[in-house]
Amino acid sequence: MFWFELGREFKLSIAEILTVFPFVKIVYIDEKICIIDGVKKEVILEKVSNLGGTIKVFEVQKSFLNNSKIADIWTYIKDFLLSKREWKLSYGLSVFWKSPIELKKFLMNLKHAFREMWVNSRFINQDFKNLSSAQIIGEKLVKKETDISLVYSEENSFIGNTIWIQDIEAYGKRDYGKIRDMENIGMLPPKLAQMMINLSRDTSIGSVFRIYDPFVGLGTVLIESLHMGNNSVFWSDYNPEMVISSRKNISDTAQEFSLDIIKYEIIELDANDIATSSILKNQSIDAIVTEGYLGKLFNARTLDLDSIHSERKLLASMYENFFSGLKKLHFLWTVVISFPFWEVQKKYHYFEEIYQIIEKYCTIESILLPTLSFKPTKVGSLLYKRPNQIVGREIFKLRMK
């Protein structure tokens, strides 16, 4: 069994995991973790670096009923750590969710036990708090297999060691290393781009997965697509400056990380005129994955209900042309796309006009399994919004009718 520590937008994280690993058994799931069984460790390690919504992955070593004695849990963790010791035993312990364990006492008891056994040891926990990813990475505890976590669910407690941690620095380097010739443009987070690509993916398709982004912007979707091993990418944008910047960003990414681009094409094209796209006419595209145009950039002073209403009318006209254009081209494959929603005085205001357009041209595909207790929005979307931002993203997985 393996458990995944989920990102902030946990529903998107769950949807991504169950898309990438579609035939697993769900052992336990909540807003913080997803425990699955029926997949091999090497398969998880092969794919997990492409999961934008997963923070850490742990391999479950043992489970206990919640009425088990803490002494039995303590003994198991002690023996497990002893089996991993080198000349010096460095380890960390983190406990999650309604744990009856007092971490300071637990750690001190381990330290005393190792001392009595003449084992040179130290725990990494500072101030007896759970370890951060930076601490785990810095002390190389993943390689040593000595970062231990204990998770309490409603019925069981699970003990596991970390086998993978998300590389935050790599995401930051890819994001902030991009060329930005224009200041007033929205920036799609690389993690979200990965999640959207994974949601679009047909697992029956091989390594050549052809993605088209018709609102390319700075090229984030395609950059992440290349990092995920998709070596055929296609894109367009109405803004010639964005076309130039995205081309440079993708070229620099391919060169810096030695990524092979087997096939690509870029054109300058307004999404209103998608029906004239030479890419869709001449290339075999597996999916459209894109952050749609989010509209005018607002700040807390300029955003009000009137401006939202005006922006929705303009966006609705463009998206009517976009989806009708796809229909004219008989594009029948998956479209994973984000639309804006706005927050004013702690209330969300949605782009309601898009729902009618979607109903006219598309079928909304299920993002979350219907058997889960967690549900998408009433229109079948999932939301992504960073704290303190006034504009969020509403994400749909669509199939053209």
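So, here's what we can say about the structure. From a predicted model like this one, the values you see are computed outputs, not experimental measurements.

Scoring rules and cut-offs
- Residues numbered from 1 in each chain as written.
- Predicted model: local features only at pLDDT ≥ 70, side-chain atom pairs only at ≥ 80, totals over all residues.
- Heavy atoms only, no water.
- Phe/Tyr/Trp six-rings, centres within 6.5 Å; stacked < 30°, edge-to-face > 60°.
- Helix = DSSP H or I, 4+ residues; strand = E, 2+ residues; numbered from the N terminus.
- Buried < 20%, exposed > 50% of the residue type's maximum accessible area, 1.4 Å probe, protein only.
- Lys NZ or Arg CZ within 6 Å of the ring centre and 35° of its normal.
- Core = buried A, V, L, I, M, F, W, Y, C linked by side-chain atoms within 4.5 Å.
- Contact = heavy atoms within 4.5 Å.

### Topic: the packing of aromatic side chains
Aromatic rings in a pair are described by how distant their centres are and how their planes are angled relative to each other. Summed over the entire model, instances satisfying the criterion amount to 21 aromatic pairs. Here the aromatic rings of Phe10 and Phe374 are separated by 5.0 Å at their centres, their planes lie at 75°, and the arrangement is edge-to-face. A residue pair is termed long-range when its members are at least 10 positions apart, and Phe10 in helix H1 (residues 10–20) and Phe374 in the loop between strand E15 (362–364) and strand E16 (382–384) qualify at 364 residues. Relative accessible area serves as the criterion here: at 14%, Phe374 is assigned to the buried category. Through a chain of ring-to-ring contacts, the aromatic side chains of Phe215, Tyr319, Phe322, Phe323, Phe339, Phe351, Tyr355 and Phe396 assemble into a single cluster. For the cation-ring pair, Arg8 lies above Tyr384, with the distance from its terminal atom to the ring centre recorded as 5.4 Å.

### As for the nonpolar core
Counting residues in each nonpolar core, the largest one holds 52 residues, and the members touching the most others are Phe4, Ile14 and Phe21. With 7 residues, H1 is the single largest residue contributor to this core. Those residues within four positions of Phe21 in sequence are excluded, and the remaining contacts are Phe4, Val39, Val43, Ile44, Lys47 and Leu51.

### Overview of the side chain of Ser338
Checked against the element boundaries, Ser338 lands in strand E13 (residues 334–344). With residues near it in sequence (within four places) discarded, Ser338 still touches Met196, Thr290, Glu291, Gly292, Leu294, Tyr319, Arg393, Glu394 and Ile395.

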